[in-house]
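Chain by chain, the residues run as shown.
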Protein chains: 2
Amino acid sequence: MRRKPSIEAVAAWIRLMRVQSCVLNTVEHELKEAGFPSLACYDALSELSRAQAGELRPVELEKQMLLPQYATSRLIDRLVDEGLAARRECKADKRGQFVEITEAGRDLQKRMWQAYSAAIEEHVGSKLSDADAAKLCGLLDRLGCSCNEAQALAVRDGASAR
Amino acid sequence: MRRKPSIEAVAAWIRLMRVQSCVLNTVEHELKEAGFPSLACYDALSELSRAQAGELRPVELEKQMLLPQYATSRLIDRLVDEGLAARRECKADKRGQFVEITEAGRDLQKRMWQAYSAAIEEHVGSKLSDADAAKLCGLLDRLGCSCNEAQALAVRDGASAR
DNA sequence: TCACGATTGATGCAGTTGCATCGAGTACGG
DNA sequence: CCGTACTCGATGCAACTGCATCAATCGTGA
């Protein structure tokens, strides 16, 4: 262990950091331009609308989104403030709650996907063939695994997906 | 235009976002554990130490690091507060200044590289062959689009960006 | 040489994030 | 039933970020 990384590994690291932040910034900016809230907000709405009954425990949302607990708590605050979701009592566990997406939330999620998917197509899809995109997926997945485990455990204090 | 992205493109996008943030968090966390400042700080020191005379105009640093102007200004504040860099008058242009890395800054940059490169090796290098790392680079570069210019040089010894 | 637009860098403000910790509730062994 | 350890979610605080705007200086064209 403690070996030195190869030139190729360092180059891949740098690209991964720079390209991701560049593309993410661009996409987030386009969404903001169009008057939409942040991607984190979209992701949460998307998870909620995918869940049966349109509701999830915050702790589930946290796991899905790979966010630290406090970030989830505050994200839900914002969704509720905006009328995109509502907190529901959880009768089975009085510590907890359910977060339920509202109609406005479902509607926003659908409208955001129009802009979001267009941005993905513009900044990713149009630049790679499907085969290359799949190849990129495969390579990235090989980096992802170890920290998914570390993350599954460490999420509660401090790891974040964004 | 405004076409829908393929499944593969969306999958690549999601991987890019998740894997990057996951690996970045892990690496940043390891550096912090070891008592080091943030990667942004490392990157700035790295750029400065690479510059001739160990000094740069803030506006140059900004371009190298792809940071907004105010972020650079504040990053320099922090470096100066920590004694890692010093502001120098720029006689040729009195609006401007030079930022010069100090001995402490050079020393920290070298010590951080030990930990940083080990983390890159652990989380990237050891998971991909050099050929695969190069392939990943190539695919990412095709997404890198407009933000690529500044990055071309940076492979030398461990620059990155957020 | 002077007026005006552009460049350089700093900063006030509001919003967000990370960290630590808290209070409430649950689960479980005895 | 109780005590202890754990899970769930919220929050105070400090740091950091994005945005808008500022003052100072520069450079250019008339």
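Predicted, not measured: the structure shown is a model, and the values here were computed from it.

Chemist: Teacher, can you tell me more about the relation of the copies chain B and chain A here?
Modeler: Put simply, the two copies of the chain differ by a rotation about an axis and a shift along that axis. Between the two copies, chain B and chain A, the superposition gives an RMSD of 0.1 Å; the rotation angle is 180° and the shift along the axis is 0.0 Å. Here the symmetry operator amounts to a two-fold rotation axis. Both copies share a contact surface, since 91% of the interface residues of chain B are interface residues in chain A too.

Chemist: Can you help me understand the protein's contact with DNA strand C in this one?
Modeler: The full set close to DNA strand C counts 19 residues, and Tyr70(A), Gln69(B), Ser73(B), Arg74(B) and Arg95(B) are the nearest of them. In this structure, Arg95(A) approaches DNA strand C through a side-chain N or O atom, which is 3.1 Å from a base nitrogen. A distance of 3.3 Å is found between a phosphate oxygen of DNA strand C and a side-chain nitrogen or oxygen belonging to Arg57(B). Looking at the surface near DNA strand C, the elements that each hand over two or more residues are α4 (69–81) of chain A together with α3 (58–65) and α4 (69–81) of chain B. No other element matches α4(B), which puts four residues into the surface near DNA strand C. Taken together, the residues of the surface near DNA strand C sort by class into four nonpolar, five polar and ten charged.

Chemist: What's the story with the packing of helix α1 (residues 7–33) of chain A against helix α5 (residues 103–123) of chain B in this structure? I'm lost.
Modeler: Helix-helix packing: each pair is described by the crossing angle between the helix axes and the interaxial distance. α5(B) packs onto α1(A) with a crossing angle of 90° between their chain directions and a minimal axis gap of 10 Å. In terms of their interaxial angle, α1(A) and α5(B) are classed as roughly perpendicular. In this structure, α1(A) uses Ala9(A), Val10(A) and Trp13(A) to contact α5(B), whose residues at the interface are Trp113(B), Tyr116(B) and Ile120(B). Residue classes in the contact of α1(A) with α5(B) are distributed as six nonpolar, no polar and no charged.

Chemist: Help me out: how do you make sense of helix α3 (residues 58–65) of chain A in this one?
Modeler: Where α3(A) is concerned, the buried positions are Pro58(A), Leu61(A), Glu62(A) and Met65(A). Down the axis of α3(A), the sector holding all buried residues measures 105°, keeping them to one side. In the core, the buried residues of α3(A) are packed alongside α2 (39–50), β1 (55–56), α4 and β3 (97–101) of chain A together with α1 (7–33) of chain B.

Chemist: Would you mind going over the confidence of the model for chain A with me for this structure?
Modeler: One rule of thumb: low pLDDT means the predicted coordinates there are not for detailed reading. All names here are of chain A. Of all residues in chain A, 88% have pLDDT values of 70 or greater, and the mean over the chain is 87. Mean pLDDT per element in chain A: helix α6 (residues 130–154) is the minimum at 73, and α4 is the maximum at 97. Overall, residues 146–162 carries pLDDT values under 50, and its contacts beyond four positions in sequence, including any with other chains, amount to 38 contacts.

Conventions we followed
- Numbers given for residues are sequential positions, taken from 1 along each chain in its written order.
- Chain labels run from A onward and ligand labels from 1 onward, assigned in the order the entries are written.
- Note on the predicted model: pLDDT of at least 70 is required for a residue's local features to be given, and 80 or more for side-chain atom pairs to be given and counted; whole-chain, interface and lining totals, by contrast, use all residues.
- Water and hydrogen atoms play no part in the side-chain values, which are based on all heavy atoms of the structure.
- Each copy is superposed on the other by least squares, with the fit set by C-alpha atoms of residues at a pLDDT of at least 70 in both.
- Here a residue-residue contact requires only that any non-hydrogen atoms of the pair lie within 4.5 Å.
- The nearness test applies per residue and asks whether one of its heavy atoms lies within 4 Å of the molecule or strand.
- Any pair of N or O atoms that falls within 3.5 Å is considered a polar contact. Within protein, one atom must be able to donate a hydrogen and the other to accept it, and sequence-neighbouring residues count only if both atoms are side-chain atoms.
- Helix numbering and strand numbering both begin at the N terminus, where a helix is a DSSP run of H or I of at least 4 residues and a strand a DSSP run of E of at least 2.
- Following the grouping adopted for this structure description, the nonpolar residues are Ala, Val, Leu, Ile, Met, Phe, Trp, Tyr, Cys and Pro, the charged ones are Asp, Glu, Lys and Arg, and the polar ones are all others, Gly among them.
- To define axes, lines are fitted to C-alpha atoms, for helices over the stretch in contact only, and angles between the resulting N-to-C directions are given on a 0 to 180 degree scale.
- Orientation is classified from the angle alone, with under 35 degrees giving roughly parallel, over 145 giving roughly antiparallel, 65 to 115 giving roughly perpendicular, and any other angle giving oblique.
- Partly exposed describes any residue whose relative accessible area lies between the buried limit of under 20% and the exposed limit of over 50%, with all areas from a 1.4 Å probe on protein chains only and scaled to the type maximum.
- Working definition: the arc comes from the directions between the helix axis and the C-beta atoms, pointing outward to the latter.
- What pLDDT conveys is the predictor's confidence in a given residue, as a value from 0 to 100.

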